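Structural description and commentary
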Amino acid sequence: MKKAILIILSISFAFALNAQKLTKVVVKKFENGKPELVNYYAGAKTAENLRKQETLNFDGKVVLEKNFMNTVLHGPYKEFKEFDGAPVKEMNYKEGKLDGPQFIYFSDGRVKFALNYVNGAMDGAQKEYFFKEDTIKAEHNYSGGIFHGMQRKWNPDGTKAYHFNFVAGKPDGIQRAWTNGRMTEEKWTQGQLEDVVE
């Protein structure tokens, strides 16, 4: 779902850029004359009018794409591997701060981290995946950049590592951790430990 939202945001941003009739300027070239760094301006060639910047590899493939508004990152930010073009990162910025769905990929192009930011702070579910098993490794929930809600982690074999609950950055409620299949349970209230059950 978040991946689909990021794609929609990228497409709508691309349409907005095209509507502005940007001027392409090759800033740097390789020895063979091919572009290495390309800027796109809306109007005069000033930092304030820079809307998009592309870094290309020797073969002319884009390896880094950044979008700007008023000299700060704004819109999609994408990194790609040089040799095969596979994605490394797909981020989104709003007025210089991370905002919306963010993805970081394993070397084979599968998602390693699926994150969400609001106004520069983690917000909502943040997921990490195992490489080999292609299954979830951890899911942490945030509100305004602090833990809020269920925090869970699993072992590579799918067994539970911990299930903690936080409210406004403090442990609250029943906290469970597993070591070699054995569960330890703690009861917390607003950041204060009340009881431990072995």
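This is a predicted model, so every value here is computed, not measured.

**With respect to the pattern of salt bridges**
Tallying each qualifying case throughout the model produces 8 salt bridges. When the shortest N-O distance is used, the salt bridge between lysine 137 and glutamate 128 registers 3.5 Å.

**As for the side chain of histidine 140**
Here histidine 140 shows up in strand E12 (residues 136-143). By relative accessible area, which is 17% here, histidine 140 ends up buried.

**Examining the environment of asparagine 39**
In this structure, asparagine 39 sits in strand E2 (residues 35-41). Residue asparagine 39 is classed as buried on the basis of its relative accessible area, which comes to 7%. Between the alpha carbons of asparagine 39 and threonine 23 there is a distance of 8.1 Å; along the sequence they are 16 residues apart. Aside from chain neighbours lying at most four places away, what touches asparagine 39 is Thr23, Lys24, Val25, Val27, Leu50, Lys52 and Gln53. One polar contact links asparagine 39 to glutamine 53, side chain to side chain, over a distance of 2.9 Å.

**With respect to the packing of aromatic side chains**
A complete count under the given rule lists 7 aromatic pairs for this structure. An aromatic cluster is built from Tyr142, Phe147 and Phe166, whose rings are joined through pairwise contacts. The positively charged end of lysine 52 is found above the aromatic ring belonging to tyrosine 40, 5.6 Å away from the centroid.

**Section: unusual backbone geometry**
Although it is not a glycine, alanine 168 sits at a positive phi angle of roughly 50°. Even without being a glycine, glutamine 190 presents a positive backbone phi close to 50°. The exposure class assigned to glutamine 190 is exposed, which follows from its relative accessible area of 61%.

**A word on the nonpolar core**
Counting residues in each nonpolar core, the largest one holds 11 residues, listed as Tyr41, Leu50, Leu64, Phe68, Leu73, Tyr77, Met91, Tyr93, Leu98, Leu115 and Tyr117. Counting residues per element, the ones that place at least two in this core are strand E4 (62-69), strand E5 (72-80), strand E6 (87-94) and strand E9 (111-118). In this view, leucine 50 contacts Asn39, Tyr40, Tyr41, Phe68 and Met69; residues no more than four positions away in its chain are not counted.

What counts as what
Residues numbered from 1 in each chain as written. Predicted model: local features only at pLDDT ≥ 70, side-chain atom pairs only at ≥ 80, totals over all residues. Heavy atoms only, no water. Salt bridge = Lys/Arg side-chain N within 4 Å of Asp/Glu carboxyl O. Helix = DSSP H or I, 4+ residues; strand = E, 2+ residues; numbered from the N terminus. Buried < 20%, exposed > 50% of the residue type's maximum accessible area, 1.4 Å probe, protein only. Contact = heavy atoms within 4.5 Å. Polar contact = N/O pair within 3.5 Å; in protein donor to acceptor, adjacent residues only side chain to side chain. Phe/Tyr/Trp six-rings, centres within 6.5 Å; stacked < 30°, edge-to-face > 60°. Lys NZ or Arg CZ within 6 Å of the ring centre and 35° of its normal. Core = buried A, V, L, I, M, F, W, Y, C linked by side-chain atoms within 4.5 Å.

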